[in-house]
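Residue strings, one per chain:
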Amino acid sequence: MTPSARSPYEASTRPGALDALHPRLRGYFGAIPAGHVGRGTGVFDVVGTPRRWMWPLLAWFARDAVMAPVWERDVPFTVENRPAVDREGRIAVLARRTFHFRSGPWVMQDAITADADGLADHLGRRGRLVAALDVAVADGALRLVSTRVSFRVLGRMLRLPAAVAPRVVLTEQYDPGIDRQRVSLTLSAPLVGTLYRYEGSFVHGVVPDDADAPGGTGGPGRRP
């Protein structure tokens, strides 16, 4: 199946809900035309957590391309956003972010889908961690906040109780002062506080797909 003429963000919100976004963001969160891919480059001001007692757990998540056990500043990165339709026929955008840490490159992967209940983020190569997201637009910026988090175990999705479920907050905005897009993500937990975060700025454009380009995979398709 070929990608939809709408993006997951457009398909999971009421008509016109994204019109208040800054024009640069409307392009970013809109549909990527068939035969094209979104590519960007930038620098994260910070990535990870200084709480080293968290790193063994993050190392487990790193193997599935979810989070990395680091605390670094000024981390260059690239991002590729690829339109797709997943195995269940949902409109999706597959994102691949390559962080260039001092120890070497590391890749984070996720898939944003338009589910029956709204927007959802399937984290990692296998999408075993899923966050349902509430979408809000204010002052031209997009803010995504998780409303529930589920974990796939033995083929079944188990919803984590609110008392222990982590909370994801992602903000995307355009900064005219530097003519770049800013992104900020925070993962926190009840009683513990911030577990993981990254924030930085980047430039992004939609270009013809090219399997020979950095990060190219040769066209849209289904999630593995």
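In this text, all values refer to a predicted model and were calculated from it rather than measured experimentally.

Caption draft 1: Quick peek at the nonpolar core. If you look at the biggest cluster of nonpolar residues, it comprises 43 residues, and the most contacted ones within it are Y9, F44, V47, F99, F101, Y196 and Y198. Setting aside residues up to four positions removed in sequence, V47 forms contacts with V70, W71, E72, V75, F99, F101, Y196, R197 and Y198.

Caption draft 2: The arrangement of helix α3 (residues 55–62) in detail. Three or more residues of α3 are buried, namely W55, L58, F61 and A62. The buried residues of α3 all sit within an arc of 110° when viewed along its axis, so they share a single face. Looking at the buried positions of α3, the neighbouring elements they touch are β2 (71–85), β4 (104–115), β6 (129–138) and β11 (193–208).

Caption draft 3: View of a nonpolar patch on the surface. On the surface, a nonpolar cluster with roughly 410 Å² of combined accessible area is contributed by W53, L191 and V192. The exposed category is assigned to W53, whose relative accessible area is 58%.

Caption draft 4: Representation of unusual backbone geometry in the model. Positive phi values are uncommon outside glycine, yet D74 reaches one of about 55°. Here L191, not a glycine, exhibits a phi torsion of approximately 70°, which is positive. Assignment of secondary structure puts L191 in the loop between β10 (180–189) and β11.

Caption draft 5: Geometry of the side chain of T13. Within the secondary structure, T13 is located in the loop between α1 (8–11) and α2 (23–29). There is a polar contact of 2.8 Å between the side chain of T13 and the backbone oxygen of Y9. Residues within four places of T13 in sequence aside, it is in contact with L18 and V135.

Cut-offs applied
- Residues numbered from 1 in each chain as written.
- Predicted model: local features only at pLDDT ≥ 70, side-chain atom pairs only at ≥ 80, totals over all residues.
- Heavy atoms only, no water.
- Core = buried A, V, L, I, M, F, W, Y, C linked by side-chain atoms within 4.5 Å.
- Buried < 20%, exposed > 50% of the residue type's maximum accessible area, 1.4 Å probe, protein only.
- Contact = heavy atoms within 4.5 Å.
- Helix = DSSP H or I, 4+ residues; strand = E, 2+ residues; numbered from the N terminus.
- Arc of directions from axis to C-beta.
- Patch = residues over 30% accessible without salt bridge, like charges linked within 9 Å, V, L, I, M, F, W, Y side chains within 5 Å.
- Areas by Shrake-Rupley, 256 points an atom, 1.4 Å probe, with all protein chains shown as cover.
- Salt bridge = Lys/Arg side-chain N within 4 Å of Asp/Glu carboxyl O.
- Polar contact = N/O pair within 3.5 Å; in protein donor to acceptor, adjacent residues only side chain to side chain.

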